[in-house]
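# Secondary and tertiary structure notes
Each chain, letter by letter, is given below.
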Amino acid sequence: MTEPVLVSPRLIYVERVIGIPDIELFDLSKDGKTAVALSNKTGSYQLAALDVRGGQLRPISHGKERVAWARISNDSETVCFSRDFGGKEEHQLFTVPLTDGEEEEQLTRLPATRAFNFNWSNGDDRIALAGATQETNGVWTIDSSSGQHLQIYQNRHWVFNPEWSKDDSRICVSAKTTEHPTALELVFLSPEKEQDPVIYTPRVDSENTNGGWHPSEPWILFKTDARGKYELAVYKTDAQELSYLKGADLGLDFPVFEWMPDGRSVYYLATNKGRTRLYIEPINGSEPPREIPLPEGNHAGFFGTSVKVAKSGSYFVFSWSSLSSPSTLSRYDLETGRVETLNAHFTDLPLGRAEPVVYNSFDDRPIHGWFLKPTRQEGRRPCVLWIHGGPAWEVADVWNPAIQSFLVAGYTLFAPNIRGSTGYGVEFQNLNIHDCGGADLKDVEEATKYLKSRADVDPSKIALVGASYGGFMTFLATTKIPDYWSAGSAIVGITDWKEMYGLSDAAFKSFIERYFGKPEENPDLYYDRSAINFAQNLKAPLLIWHRGNDSRCPLAPVQKYADRLRELGKDVEMNVVWDEGHGFQKTENLVRQYKAIIEFLDRKIGS
């Protein structure tokens, strides 16, 4: 007789919370009828279309291989999207009609290329793509009928966000053209390679990103730190004139910004302490910025495409969420001021609530973060100290099923935005340049001291968990400050920066050089911030979770680290998911991952 298998209700909650579907706006058709969003409702990240008047999501891409980027053609008839295969981030482009009933068709046969983003030409005859191969970063134009590609720009460092001018005579990209670690310039390219690239920067070594062309004039709207803080600026390429918008005091960063259809105003999201607000501002300075009241939370999303205005200028479509509210797709009517929900997910799960927290680090610098606790908490609980990826990223007030999985399982959780995080200004974001694992590790240490002072945290049961850069920090902190942790779990992390550099493509070599310089220039820094060199110090039980096709944080150095820990007799477990890479995962694999981590913590420190 078969014994029944008893499954903890807590782990059922974990499975259910990971299964809550994400939805993020990618684009809005020029005819104003259809929104295209990315959602994992089917178990993998695919595209779905939605009538902006309401209705059901309609799948427009299919299968389990994830979609990475998408844009609707200017005639509102075709969607082009990039698809990843097995998580290797070697992308190909596909097209599919925006209307019902057609399967996608593969457009390109690119060699191994990491595609960051792309855009249609205004005539819809070509697509400009920014990406990287093993050898170089660059921009390619792709014939939208034949799929034939031509590289029009090659660069040693990374390149992003190709945008076509109104007459399709120029493409503006953001590219790192110097060796200054944080610099990015605007580069103007000729699609036919008839002219040499023209580089523009308002100040040498400033960061200038996401240039977008005016609807009719040869003017560029972009974000810059040329005056020491993030601001939005307009560069008139014909007159070579630069002007700044007034919204710099409304936020510390501007993750989404675009022209209004009439070209007289721009709209933008302003970020402050993890939340965003939407504003419209005339470019002639005649009026102050006007806030568009959206639901409280974060509207920026992952891709910076999550707020779009209709060509008529009469409404916005946007996706948003909070740490306690799953992702929602909504519409805001500029005439009536009404917000209408287009797609949302409702759950009866006991979701944890977020409390904004500020603590002072070792140098008295305030560090902002979020403390979350289960719905029904009594007394002291074990706590997960969660470190985000990036490092130029943040835990904003945005839906995160991974964070909620610990809460529904009974753990408290603290997510500090340590130095190097986005959302807190230029200076703060650049504090870990050539110091990753230095002062930001001390921020983690001070976060632990803060947790030990809280009456709702068991000071003897603090676990360190993080993915990507958070995985790196977990590896490093459990060896550099080993006495603070009762357990740790590192997800797709980094154990050896020098070996990772050797395994990286052109884009991620540029990424590592931003934070470390070249290995031959700073060998001591590479050595000191690599956990492989301090494995003997590990004391806490450690679960390593990695993915076999990870091209950002390759498996080989992590496997070597796990083998070294076993040789030293450390308490280490390792699991490799072989059909996935670094980024967005299939839901079934995320369920496995977080159930395994929570079961590991239950065994080692108890819930």
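Residues numbered from 1 in each chain as written. Predicted model: local features only at pLDDT ≥ 70, side-chain atom pairs only at ≥ 80, totals over all residues. Heavy atoms only, no water.

## What about the overall build of the protein?
Looking only at helices and strands, the protein has ten helices and 36 strands in total. Seen along its three principal axes, the alpha-carbon backbone of the protein occupies a region of about 65 × 55 × 50 Å. Within the protein, contacts between residues separated by at least 24 positions form 55% of all contacts whose residues are at least 6 apart in sequence. Accessible surface, the protein as shown: approximately 23500 Å² in total, 47% of it carbon and sulfur. The centroid of the 65 positive side-chain charges in the protein is displaced by 5 Å from the centroid of its 82 negative side-chain charges. (Helix = DSSP H or I, 4+ residues; strand = E, 2+ residues; numbered from the N terminus. Contact = heavy atoms within 4.5 Å. Areas by Shrake-Rupley, 256 points an atom, 1.4 Å probe, with all protein chains shown as cover. Lys, Arg positive; Asp, Glu negative; His and termini not counted. Charge placed at Lys NZ, Arg CZ, Asp CG, Glu CD.)

## Examining the environment of Cys-172
With respect to the element layout, Cys-172 can be found in strand E14 (residues 171-175). Accessibility expressed as a relative area gives 1% for Cys-172, which makes it buried. Along the backbone, Cys-172 and Gly-285 are 113 residues apart, and their C-alpha atoms lie at a distance of 25 Å. (Buried < 20%, exposed > 50% of the residue type's maximum accessible area, 1.4 Å probe, protein only.)

## Details of the side chain of Ser-76
Residue position: Ser-76 is located in the loop between strand E5 (67-72) and strand E6 (78-83). A polar atom in the side chain of Ser-76 sits 3.2 Å from the backbone nitrogen of Lys-30. Excluding residues within four positions of it along the chain, Ser-76 makes contact with Ser-29, Lys-30, Asp-31 and Leu-98. (Polar contact = N/O pair within 3.5 Å; in protein donor to acceptor, adjacent residues only side chain to side chain.)

## A short note on the sheet that holds strand E27 (residues 325-333)
As summarised here, the arrangement of the four strands in space is E25-E26-E27-E28, forming an open sheet in which the pairing is antiparallel. One side of each edge strand has no neighbouring strand; the edge strands of this open sheet are strand E25 (307-309) and strand E28 (339-343). Put simply, the sheet's adjacent strands are angled 25° from each other on average, direction ignored. Strand direction decides the pairing type here: E25 and strand E26 (residues 315-322), joined by three bridges, are antiparallel. Its bridge partner being in E26, Val-309 is matched across the sheet by Phe-316. (Pairing = 2+ DSSP bridges. Axes fitted to C-alpha atoms, helices over the stretch in contact; angles between N-to-C directions.)

## Structural notes on the pairing of strand E32 (residues 412-416)
Counting buried positions along E32 yields five of five residues, so the element is predominantly enclosed. The side-chain alternation of E32 yields two buried faces, one formed by Thr-412, Phe-414 and Pro-416 and the other by Leu-413 and Ala-415. Summarising the sheet, strand E30 (residues 366-373) and E32 pair through four bridges and their orientation is antiparallel. For Trp-370, the partnering residue across the bridge sits in E32 and is Ala-415. With three bridges connecting them, strand E31 (residues 381-387) and E32 associate as parallel partners. Paired with Leu-385 across the two strands is Phe-414, which belongs to E32. Once you follow E31 into helix H2 (residues 401-408) and on to E32, the crossover reads as right-handed. (Right-handed = clockwise from strand over helix to strand, strands pointing away.)

## Here we look at the packing of helix H1 (residues 9-18) against H2
Their axes nearest at 9 Å, the elements H1 and H2 cross at an angle of 160°. With respect to each other, H1 and H2 are oriented roughly antiparallel. Here the hand of the crossing between H1 and H2 comes out right-handed. Contacts between H1 and H2 involve Arg-10, Tyr-13, Val-14, Val-17 and Ile-18 from the former and Pro-401, Ala-402, Gln-404, Ser-405 and Val-408 from the latter. Split by residue class, the contact of H1 with H2 holds seven nonpolar, two polar and one charged. (Parallel < 35°, antiparallel > 145°, perpendicular 65-115°, else oblique. Left-handed = near helix turned anticlockwise from the far one by under 90°. Nonpolar A, V, L, I, M, F, W, Y, C, P; charged D, E, K, R; others polar.)

## Re the confidence of the model for the protein
Mean pLDDT over the protein: 96, with 99% of residues reaching 70 or higher. Across residues 1-6, where pLDDT falls below 50, the model places zero contacts with residues more than four positions away in sequence or in other chains. (pLDDT = per-residue confidence, 0-100.)

## Looking at the environment of Arg-16
Assignment of secondary structure puts Arg-16 in helix H1. Once the C-alpha coordinates of Arg-16 and Val-591 are considered, the two residues, 575 residues apart in sequence, prove to be 8.7 Å apart. The contact partners of Arg-16, leaving out residues within four places of it in the chain, are Thr-347, Asp-348 and Leu-349. At 2.5 Å, the side chain of Arg-16 forms a polar contact with the side chain of Asp-348.

## Some details on the environment of Gly-390
Structurally, Gly-390 is set in the loop between E31 and H2. Expressed as a C-alpha distance, the spacing of Gly-390 and Arg-114, which sit 276 residues apart in the sequence, is 18 Å. Those residues in contact with Gly-390 that lie beyond four places of it in its chain are Tyr-469 and Phe-511.

## Let's talk about the sheet that holds strand E7 (residues 92-97)
Neighbouring strands of a sheet are bound in pairs by backbone hydrogen bonds; such pairs are parallel or else antiparallel. Within the open sheet, the four strands sit side by side as E5-E6-E7-E8. Their pairing is antiparallel. The two strands at the open ends of the sheet, each matched to only one other strand, are E5 and strand E8 (105-106). Of the strand pairs in this sheet, E5 and E6 are connected by five bridges, and their pairing is antiparallel. If you follow Trp-69 over to E6, its bridge partner there is Ser-82.

## Concerning unusual backbone geometry
Omega for the bond connecting Gly-390 with Pro-391 falls within 30 degrees of zero, at 5°, which places this linkage in the cis form. For Pro-391, the location among the structural elements is in the loop between E31 and H2.

## Digging into the side chain of Thr-474
Considering the arrangement of structural elements, one finds Thr-474 in helix H5 (residues 469-480). Residues within four places of Thr-474 in sequence aside, it is in contact with Leu-464, Val-465, Gly-466, Gly-488, Ser-489, Ala-490 and Leu-542.

## Regarding the pairing of E26
Taking burial as the measure, the eight residues of E26 include eight buried ones, the bulk of the element. Residues Tyr-315, Val-317, Ser-319 and Ser-321 line one face of E26 and the alternating positions Phe-316, Phe-318, Trp-320 and Ser-322 line the opposite face, and both faces are buried. The hairpin turn running from E25 into E26, its antiparallel successor, is five residues long, and Gly-313 in that turn takes a positive phi close to 75°. Where E26 lies against E27, seven bridges are found, and the strand directions are antiparallel. Paired with Ser-319 across the bridge in E27 is Leu-329. Count of turn residues in the E26/E27 antiparallel hairpin: two residues.

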